Amino acid sequence: MGLLDGKVAFVTGAARGQGRSHAVRLAQEGADIIALDACATPDWLSYPLATEDDLARTVAEVEALDRRIVARKADIRDFAAVESVLEAGLAELGGRLDIVAANAAIISWPRDTWAIDPAEFRELIDVTLTGTFLTVKAAVPPMIAAGNGGSIVLTSSGAAITAGKGLADYKAAKAGVLALKDTLACELAEHFIRVNAICPTAVDTPMIQNEALHRSFRPDLESPGREDVKAGFAEMNLLPIPWVDPVDVSNAIVWLSSDAARYVTGVTLPVDAGNQLKC
């Protein structure tokens, strides 16, 4: 018996990193999965995003758990594409939708606000904030229609609830996600659909494990790697660790989506090793 037996979960950015971890953990607890990922990288981005092969690996890992999964390539900025993936998944998996893990996002690299390219700012906001809105816009009507209540978990960031230099574009997008969470929690309570947000510290995925972000921590090195930046990342957290694992965030999503959290809504949950309290 799993915590989520008989439920269907919609996961965005599911091809690798946190998204794959969320899909697999939800499946481990008994959920069937509808998954999407853009499987494409903007030209200006400093690190490569997931590929179709990555998405295929997510499918294989979920199916190895004897759970069903419908996975498609789609850009969350394209509302029609998101709707199409969701409709295909609902048709194949019985028409119900119980859980949304709105995870897909991109990050830039630390730089002064006035140094950010306007086009890059717009694209980051469009993927990370507008894409989250479009995910919810597609998912809420079938959740209401099914009449089973449900759980929506939006991925924000510790960057949205802490101050510091750089990443103004990312911070603004993730703060907007928290505003969406508050409004949706109020709007959907009457349907017993709970809406919460998670705010992780750095998570050990390619989003932070890339040369551009490593260089921002160790500009004194020509080619810094993960071992070179561990101390810098650890300084951000109260607990003496540099980053959390994807499954640490996934476990929070499982709990928020389970009956163990049946009366929890409107919450901003840090999974941050004490990052928010770091003095």
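One can find the structure itself at the top, above this paragraph.
For the structure given in this document, a descriptive report is provided here.

Conventions used here
Residues numbered from 1 in each chain as written. Predicted model: local features only at pLDDT ≥ 70, side-chain atom pairs only at ≥ 80, totals over all residues. Heavy atoms only, no water. Phe/Tyr/Trp six-rings, centres within 6.5 Å; stacked < 30°, edge-to-face > 60°. Helix = DSSP H or I, 4+ residues; strand = E, 2+ residues; numbered from the N terminus. Buried < 20%, exposed > 50% of the residue type's maximum accessible area, 1.4 Å probe, protein only. Pairing = 2+ DSSP bridges. Axes fitted to C-alpha atoms, helices over the stretch in contact; angles between N-to-C directions. Contact = heavy atoms within 4.5 Å. Core = buried A, V, L, I, M, F, W, Y, C linked by side-chain atoms within 4.5 Å. Lys, Arg positive; Asp, Glu negative; His and termini not counted. Salt bridge = Lys/Arg side-chain N within 4 Å of Asp/Glu carboxyl O. Polar contact = N/O pair within 3.5 Å; in protein donor to acceptor, adjacent residues only side chain to side chain. Expected span 1.5 Å × (residues − 1). Bend = angle between axes of the 7 residues up to and from the residue.

## Focus: the packing of aromatic side chains
Move 1: Taken as a whole and judged by the stated rule, the model has four aromatic pairs.
Move 2: The interplanar angle of 50° and the centroid separation of 6.4 Å between the aromatic rings of tryptophan 44 and tryptophan 109 together place this pair among those described as tilted. Separated by 65 residues along the polypeptide, tryptophan 44 in the loop between strand S2 (32–37) and helix H2 (52–63) and tryptophan 109 in the loop between strand S4 (99–102) and helix H4 (118–146) bring together distant segments of the chain.
Move 3: Tryptophan 44 sits in the buried class, given a relative accessible area of 16%.
Move 4: Between phenylalanine 192 and tyrosine 263 the ring centres are 6.4 Å apart and the planes differ by 70°, which places this aromatic pair in the edge-to-face class. Here phenylalanine 192 is found in the loop between helix H5 (168–188) and strand S6 (193–200), whereas its partner tyrosine 263 is found in the loop between helix H8 (246–257) and strand S7 (268–271), with 71 residues between them in sequence.
Move 5: Here a set of aromatic residues connected by ring pairs shows up, and it is made of Phe217, Phe233 and Trp243.

## Observations regarding the sheet that holds S6
Move 1: Taken in spatial order, the seven strands of this open sheet run S3-S2-S1-S4-S5-S6-S7, and their pairing is parallel. With partners counted over all chains shown, the strands left at the sheet margins are strand S3 (69–73) and S7, one partner each. Each strand axis lies, on average, 15° off the axis of its neighbour in the sheet, ignoring direction.
Move 2: Pairing of strand S1 (residues 8–12) with S2, which is carried by five bridges, proceeds in the parallel orientation. When the sheet's bridge partners are listed, phenylalanine 10 is paired in S2 with isoleucine 34.
Move 3: Sheet strands touched by helix H1 (residues 17–28): S1, S2, S4, strand S5 (150–155) and S6. Its angle to S1, the strand with the most contacts, is close to 170°.

## Details of the nonpolar core
Move 1: The biggest cluster of nonpolar side chains holds 44 residues, and the ones touching the most others in it are Phe10, Ile34, Leu86, Leu97, Val100, Ile106 and Ile152.
Move 2: For this core, the secondary-structure elements that each account for two or more residues are S1, S2, helix H3 (79–93), S4, H4, S5, H5 and S6.
Move 3: Broken down by element, this core gets its largest block of residues, eight residues, from H4.
Move 4: Residues within four places of isoleucine 106 in sequence aside, it is in contact with Trp44, Leu45, Tyr47, Leu49, Glu123, Leu124, Val127, Thr128, Tyr170 and Met207.

## A word on the side chain of arginine 16
Move 1: Structurally, the position occupied by arginine 16 is in the loop between S1 and H1.
Move 2: In this structure arginine 16 is buried but unpaired, with aspartate 54 as the nearest side chain of opposite charge at 4.5 Å.
Move 3: Polar side-chain contacts of arginine 16 include one of 2.5 Å to the backbone oxygen of proline 48.
Move 4: Beyond its immediate sequence surroundings of up to four residues, arginine 16 is in contact with Tyr47, Pro48, Leu49, Ala50, Asp54, Thr58 and Pro206.

## Considering H4
Move 1: Along its 29 residues, H4 runs 41 Å from first to last C-alpha, staying within 8% of the 42 Å computed at 1.5 Å per residue.
Move 2: Where H4 bends most, the angle comes to about 35°, and this point is aspartate 126.
Move 3: N-capping of H4 is provided by aspartate 117, with a side-chain oxygen placed 2.9 Å from the backbone N of alanine 119.
Move 4: Positive backbone phi, approximately 70°, marks glycine 147, located one or two places after H4.

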